[in-house]
Amino acid sequence: GFIWNTMLKAFVRGNRVQDSIFLYKLMLENGFVCIDNYTYPILIQGCSLSLSEFGGIEVHDHVVKMGFDGDVYVVNNLINMYSVCGHIGDARKVFDGSPRLDFVSWNSMLAGYVTEGNIEEAKLFYTQMPKRNIIASNSMIVLLGRSGRLSEAHQLFKDMVEKDMVSWTALISCYEQNLMYKEALDLFFTMRQNGISVDEVVFVSVLSACSYLLSFKIGELVHSFVIRFGFESYVNLQNALIHMYSRCGDVLAAQKLFNNGCFLDLITWNSMISAYMNYGLVVKARELFDSMPEKDVVSWSSMISGYAQLNKFSETLALFHEMLHQGVKPDETTLVSVVSACAQLAALDQGKWLDAYIQKNG
RNA sequence: UGUCUGGUUGACCCU
């Protein structure tokens, strides 16, 4: 069975959930022998990643019929799948009905409450845990931070007998989410002083704080750390650096990173486009936009809102129509810019048309 | 060969 499972995993990793289901059906036709306790966690994981609740429910059904519903790995994946699909009640049913639970089961269930933002349940559940662990505590820190309860988050952090890099990063993010970027940076430097190891995630997070503070000097310093630690080729770090430099007034540094970068992704392109637009470099932005291998709604919105910011309202409307023509669905951000363009141009008929569009599309 | 926690891009608002 492990050959089949390996193929299944390859499909799931490649975000090809339909193919994984198809392969699973072939496995069924092959007489079940290739289906084992490794098979379902992979399938369920695929449903989680693609938020396919209906696929997940179907797979859950098979799990029961095939008698794998006592496998703790299967159970944990089911809990996770129902949680990320927003069916926390079903996750809890799996949890409560499972003959066997381990600390991952508890962590997964807790993570469900955290995703949901359910402080009460999460706190209750956390106190009910047979044995707390770093991952559970880290989840709680995130939840408290997201809910604006910074002092509670900090207290929990301080009370942890063991902390890891994620605990520190989670607390740094808490400060950032509550717009306390200075404190976030301080915490990063404390983290370094305490000799805690760092990874690319920490740096991305810290660079984000620099961007908000418009702190070129610290941003540059962090960039030097990034190089010293050998993380400079990570796409997400390049994206964070491009964003930081553009926010902090050095669009040329951003451009240099973009031009020298390899393995760039959509976010890189989008960041560079909005960087150019923020500096009024419309032609450069448009060149990039037109040469993008693929665009998403953020690419379009960056251009459209950029035009609106620069008072180029007819360009705003023109690009919006182009967007619709290409079958890209605008979101709220896009529409805000378009509405303001209509208002500025006193384009009453366009405005009416847009109003009808918004009514029709919710 | 399988499961749980932290991070990056667009308008407005907030700061």
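Presented here is a report on the structure given in the accompanying data block.

About the thresholds
- All residue numbers here refer to positions counted from 1 along the written sequence of the relevant chain.
- To read the labels, note that chains go from A and ligands from 1, taken in the order they are written.
- Confidence filtering applies because this is a predicted model: local features only for residues at pLDDT of at least 70, side-chain atom pairs given and counted only at 80 or more, and all residues used for totals across whole chains, interfaces and linings.
- Only hydrogens and water are set aside when side-chain values are computed; all heavy atoms of the structure are taken into account.
- Helix and strand definitions here come from DSSP, where helices need a minimum of 4 consecutive H or I residues and strands a minimum of 2 consecutive E residues; each element is numbered from the N-terminal end.
- In what follows, residue pairs with any heavy atoms lying within 4.5 Å of each other are defined as contacts.
- Cavities and pockets are defined on a 1 Å grid built over the protein atoms alone: a cavity is a set of grid points where a 1.4 Å probe fits but cannot escape, while a pocket is an open set with protein on both sides within 12 Å along at least five of seven lines, and lining residues are those with an atom within 4 Å of any such point.
- Grid points are joined across faces, edges and corners, and a volume is the space filled by probe spheres set on the points.
- Each residue is assigned to one of three groups, with Ala, Val, Leu, Ile, Met, Phe, Trp, Tyr, Cys and Pro labelled nonpolar, Asp, Glu, Lys and Arg labelled charged, and all others, Gly among them, labelled polar.
- Categorising residues by exposure relies on relative accessible area from a 1.4 Å probe, with only protein chains included: less than 20% of the type maximum marks a residue as buried, more than 50% marks it as exposed, and the intermediate range marks it as partly exposed.
- Any N or O atom pair separated by 3.5 Å or less is treated as a polar contact, with the protein-specific requirement of one donor-capable and one acceptor-capable atom, and with residues adjacent in sequence counted only for side-chain atom pairs.
- The rule for a salt bridge is simple: a side-chain nitrogen of Lys or Arg has to be within 4 Å of a carboxyl oxygen of Asp or Glu.

### Let's talk about the environment of Asn107
Positionally, Asn107 belongs in helix 7 (residues 103-116). Taking C-alpha positions, Asn107 is 9.6 Å from Asn80, a pair spaced 27 residues apart along the chain. Apart from the residues within four sequence positions on either side, Asn107 is in contact with Met129, Asn133, Ile135 and Ala136.

### Things to note about the layout of surface pockets
Empty space among the atoms becomes apparent when a probe as large as a water molecule is rolled across them. Its boundaries defined by the atoms lining it, the largest pocket holds a volume of some 540 Å³. If you trace the largest pocket, you find 23 residues lining it, with His243, Ile267, Asn270, Ser271 and Ser274 closest to the centre. Of all elements in the fold, only helix 13 (200-213), helix 15 (235-247), helix 17 (266-278) and helix 19 (297-309) reach the threshold of two or more residues within the lining of the largest pocket. Counting residues per element, the lining of the largest pocket draws most heavily on helix 17, which supplies seven residues. Residue composition of the lining of the largest pocket, by class: eight nonpolar, 14 polar and one charged.

### Here we look at the side chain of Thr39
Structurally, the position occupied by Thr39 is in helix 3 (residues 39-49). A relative accessible area of 0% means that Thr39 is categorised as buried. Of note is the side chain of Thr39, whose polar atom sits 2.9 Å from the side chain of Asn5. In this structure, Thr39 is in contact with Asn5, Leu8, Tyr24, Met27 and Cys34, ignoring residues within four places of it in sequence.

### Considering the pattern of salt bridges
One pass over the structure, following the stated rule, counts eight salt bridges. Between Asp19 and Arg16 there is a salt bridge, and its shortest N-O distance comes to 2.7 Å. For Arg16, a relative accessible area of 43% gives the class partly exposed. When the shortest N-O distance is used, the salt bridge between Lys182 and Asp186 registers 3.4 Å. Of this pair, Lys182 and Asp186 both sit in helix 12 (residues 181-193), four residues apart, roughly one helical turn. Here Asp186 falls in the partly exposed class, since its relative accessible area comes to 37%. Three or more residues are tied together by salt bridges with common partners; here these are Lys123, Arg149 and Glu152.

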